[in-house]
Amino acid sequence: MNRKNALAAGVAAALALGSVTMLATQSTAAPRPTAAAGASVDRPGAGFKAMTADARGEAIRAAGRNAAATARELGLGPDERLVAKDVLIDADGSRHVRYDRTYRGLPVIGGDLVVHLAGNGTITGSDLAHQGAVRIAGTTPKLTAADASAKAVKHAKHVKKAKAGSKDSALVVYAVGKIPVLAYRSTVTGEGETGPTSRQAVIVDATSGAALDQYELHQSVTGTGNGVTVGQVSIETTQTSSGYTLTDAAHGGTIIYDSYNSPQSNPRQNARAFSKTTNSWGNGTSSSRESAAVDASYGLAKTWDYYKNSFNRSGIRNNGSGAPAYVHVDTGLLNAFYDDDCFCMFFGDGSSQNSNTPVTTLDVAAHEMSHGVTAATANLTYSGESGGLNEATSDIFGTMVEFSANNTGDPGDYYIGEKLNMSGGYMRRMDNPAADGNSLSCWNSGAGSVDVHYSSGIGNHFFYLAAEGTGAKTIGGRSHTGTTCNNDTFSGIGKDKAAAVWYRALSTYMTSTTNYAGARTATLQAAADLYGANSQERYLVSKAWAAVSVGTALPDPGTGTPTPSPSTPTPSPTTPPSGNALTNGSFEQGTSGWTQSDSIITNSSLQPARDGSWYAWMMGYGADAIESLSQSNVAVPSTGTPKLTFWLKVSTQESGSTAYDTLKVNVNGSTLATYSNADASSGYVQKTVDLSAHKGQTVKLEFAGTEDTYLSTIFLLDGITIG
């Protein structure tokens, strides 16, 4: 069963040093030509060529013509089709083609991928949200669309008084978990965090009706706003026969509309484009409806300029088209949001909580437009760790636009929403996320279950440390603290380089299911592309990730030796449990310490963990398959009677006592124990394997799974120890 690009093993080995392997997105991007040890190769524009809209369109059409051949080369199935979404071209001619995937005509959620090609068209690597071919039993659902909508309403967590009709549910293949399933994607509306007509996506199993995932559809900055922050500025307008409109022809024809307090359920209901006979707009206060429009127009133009000047990107979708924006949405709406369905941005007028300040500040406008860029590139799912990365991306580029604009009335800093008149003085801080009492500064195994606006703190904290390093600073007139989760100290690479690394990782290597471990791998590859595999920039990026408890630092390229540990280290999630000769035997640190042949280590809710939320899910395909989960350099105790102990849960569709599907425990290549479908159990059962023959040795421990062509067997592992 072909799940991997043939290049995966060699390239993964090249990238593995000091890294945390991605849980869902496994990069097989081939190493690019890099500088000599210690040297730095700076590649402007995040390494990408500028492209006209026509050139980009032709590149996407060419990728579409090659889609069938690409699918075959990646080992995808005969029922799968690739749909070209975007193409980025490097200065050396290399291409990065982003595809969405369908299965028998149904959209595949979690099926997106990026294919990397050399200048001659040869595939050099790939990044897949779901590894290998998609296979499901059939596309005929047990539930009707009306059934699915009813289930979705019951499952919806983020809205009250939820409702959904049969037309609000559509069949999809859900491939975010290990085993793809036929599902419905339902849109539920109701009262929620984004207002009285909030929208939420709920994914339900098309057979059982079980909830598979759910997330808000409005990717928003809740509780933000400031109507008059940019001061007196120049904005682009368009002259008509009767006067002027707030149409910015220099930035893709972006039009600013007055929503005239249309309801959030239909913010364009009463909307009209701003127009007047003179070319002077607003009065600097919210008493003029034009003032909020000035802020929005200015912010969106500055965001466009930042992406264009920094990364050769022309607008949200890189096609030269501007997205319309609507101000004065609803009444008392303390919110702003981007909606990819209509390619629109919406801004409320604030509420009594922030002195009725319109939600149109520079960093808010840039934050929302950046949600569009994320949707057009990695399309990070707005839930779990990928949702935190989605929010962090908008905070990162909202901050970078603030620096780029260089507006004396709103100087650049690493505070989010500091001009919003909020009671705490800001919404979030990148230098010290936990200061708000909710956000995470350090990764932990529960990060995926935290609200995405709070789990974004991990990515924000990483970016601040990568850009500025550690230590106290005053930036933009505000105090910043560069504290870490491991008490390390180091310098940053500068905000422009850090942003280039993040943008290249987002647009070239991340997919919809990328988590924080995957983001680390993606940014390390991006740093190698831009500055060299042995560069200080790549090394310091790894230091910044280690400082927020994601992975460990790479060896210092200046000396070739690992960075010394802090004198008084704070225990981090990657510290092995006391007395356990294994690293991360509980899997609560994700993939850290383990080598897996596929996306085996998971926190998917489709199967239970014995303890915590992470476990290893092996096999369960119902087809010919092999998998391996291993750890090398494991020290077996030299005294007493050493034993391997672990918890195993076996679920199977097989019957009888014949062993059709097996899980073997191998040590240094020798099989010490074998379990099979005949060992099926209703829950986890503790297993023990005698390691006396390897007393005092350093060994490779491997769990090797094999499944035959027919019925499936799932082996779940948790709580692995040697002692």
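A few points on the structure. (Residues numbered from 1 in each chain as written. Predicted model: local features only at pLDDT ≥ 70, side-chain atom pairs only at ≥ 80, totals over all residues. Heavy atoms only, no water.)

In this section: empty space enclosed by the protein. If you walk through the whole model with that rule in mind, you get 6 cavities of 30 Å³ or more. Of the volumes computed, that of the second largest cavity is approximately 80 Å³. Taken together, 14 residues form the lining of the second largest cavity, with His251, Thr254, Leu300, Trp304 and Met369 sitting closest to its centre. For the lining of the second largest cavity, the per-class residue count stands at 8 nonpolar, 5 polar and 1 charged. (1 Å grid on protein atoms, 1.4 Å probe; cavity = no way out; pocket = protein on both sides within 12 Å on 5 of 7 lines; lining within 4 Å. Points joined across faces, edges and corners; volume = space filled by probe spheres on them. Nonpolar A, V, L, I, M, F, W, Y, C, P; charged D, E, K, R; others polar.)

Further remarks concern the sheet that holds strand E28 (residues 615-619). The antiparallel open sheet is built from 5 strands, whose spatial order is E27-E28-E35-E30-E33. Of all the strands in the sheet, the pair left with one neighbour each is strand E27 (601-602) and strand E33 (685-690). Of the pairings in the sheet, the one linking strand E30 (residues 643-652) to strand E35 (residues 713-722) comprises 8 bridges and is antiparallel in character. Bridge pairing links threonine 645 to threonine 721 in E35. (Pairing = 2+ DSSP bridges. Helix = DSSP H or I, 4+ residues; strand = E, 2+ residues; numbered from the N terminus.)

For the rest of this paragraph, the subject is the nonpolar core. General note: in soluble globular proteins, nonpolar side chains tend to be found buried as a group. Of all hydrophobic cores here, the largest spans 62 residues; its most connected members are Phe311, Phe397, Phe462, Phe463, Met510 and Trp545. Residue assignment for this core shows that the elements contributing at least two residues are helix H5 (289-311), helix H6 (362-376), helix H7 (384-405), helix H8 (452-468), helix H9 (495-509), helix H10 (516-531) and helix H11 (536-546). Per-element tally for this core: the top contributor is H9, with 9 residues. Ignoring sequence-local partners within four residues, the contact set of tryptophan 545 consists of Phe462, Trp502, Tyr516, Ala519, Arg520, Thr523 and Val550. (Core = buried A, V, L, I, M, F, W, Y, C linked by side-chain atoms within 4.5 Å. Buried < 20%, exposed > 50% of the residue type's maximum accessible area, 1.4 Å probe, protein only. Contact = heavy atoms within 4.5 Å.)

So, on to the packing of H10 against H11. For the pair H10 and H11, interaxial distance at closest approach is 8 Å and the crossing angle is 165°. Classified by the angle their axes make, H10 and H11 are roughly antiparallel. You can see that H10 and H11 cross each other, and the crossing is right-handed. Between H10 and H11, the residues in contact are Tyr516, Ala519, Arg520, Thr523, Leu524, Ala527, Ala528 and Tyr531 and Glu537, Arg538, Val541, Ser542 and Trp545, respectively. Among the residues forming the contact of H10 with H11, the class breakdown is 8 nonpolar, 2 polar and 3 charged. (Axes fitted to C-alpha atoms, helices over the stretch in contact; angles between N-to-C directions. Parallel < 35°, antiparallel > 145°, perpendicular 65-115°, else oblique. Left-handed = near helix turned anticlockwise from the far one by under 90°.)

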